[in-house]
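So you can see what is in the structure, the chains are spelled out below.
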Amino acid sequence: MSRRYQRVVLAIKAVPAPLMEAQATCPTCGRSNPSVLGRVGLRLVFRCSDCHIEFFRHSGQTSTAF
């Protein structure tokens, strides 16, 4: 018998109005129409309207400290 895990519920907080217009690309379906759902810490959380997943924006920038 397989084990079913509980869905993780994120503690999402509200975002200011200017950040509601942020853009991202869905990592699952590749479409660029997800809407901002809220934020967790300093990261914006998006929800794709097509495949209904919630995800963080993946930035191509990396920072390293020497």
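Conventions we followed
- Residues numbered from 1 in each chain as written.
- Predicted model: local features only at pLDDT ≥ 70, side-chain atom pairs only at ≥ 80, totals over all residues.
- Heavy atoms only, no water.
- Disulfide = S-S within 2.5 Å.
- Buried < 20%, exposed > 50% of the residue type's maximum accessible area, 1.4 Å probe, protein only.
- Phe/Tyr/Trp six-rings, centres within 6.5 Å; stacked < 30°, edge-to-face > 60°.
- Helix = DSSP H or I, 4+ residues; strand = E, 2+ residues; numbered from the N terminus.
- Contact = heavy atoms within 4.5 Å.
- Pairing = 2+ DSSP bridges.

1. Considering the state of the cysteines
- Counted by the stated rule, this structure contains 0 disulfides.
- In this structure cysteine 26 is not part of a disulfide, and its nearest cysteine sulfur, from cysteine 51, lies 3.5 Å away.
- Owing to a relative accessible area of 3%, cysteine 26 belongs among the buried residues under this scheme.
- The structure places no disulfide on cysteine 48, whose sulfur is separated from the nearest cysteine sulfur, that of cysteine 51, by 3.6 Å.
- For cysteine 48, a relative accessible area of 0% gives the class buried.

2. Thoughts on the packing of aromatic side chains
- Applying the stated rule across the entire model yields 1 aromatic pair.
- Judged by centre distance (5.8 Å) and plane angle (25 degrees), the rings of phenylalanine 46 and phenylalanine 55 are stacked.
- Overall, the relative accessible area of 7% leaves phenylalanine 55 in the buried class.

3. Description of the environment of cysteine 48
- Locating cysteine 48 in the fold gives a position in the loop between strand 2 (43-47) and strand 3 (54-56).
- Sequence separation of cysteine 48 and proline 27 is 21 residues, and the distance between their C-alpha atoms is 9.4 Å.
- For cysteine 48, the residues in contact, after removing those within four places along its chain, are Cys26, Cys29, Asn33, Pro34, Ile53 and Phe55.

4. Remarks on the pairing of strand 1 (residues 35-40)
- The pairing of strand 1 with strand 2 spans 5 bridges and is classified as antiparallel. What sits directly across from serine 35, in strand 2, is arginine 47.

Scope: geometric values only; no functional claims are made or implied.
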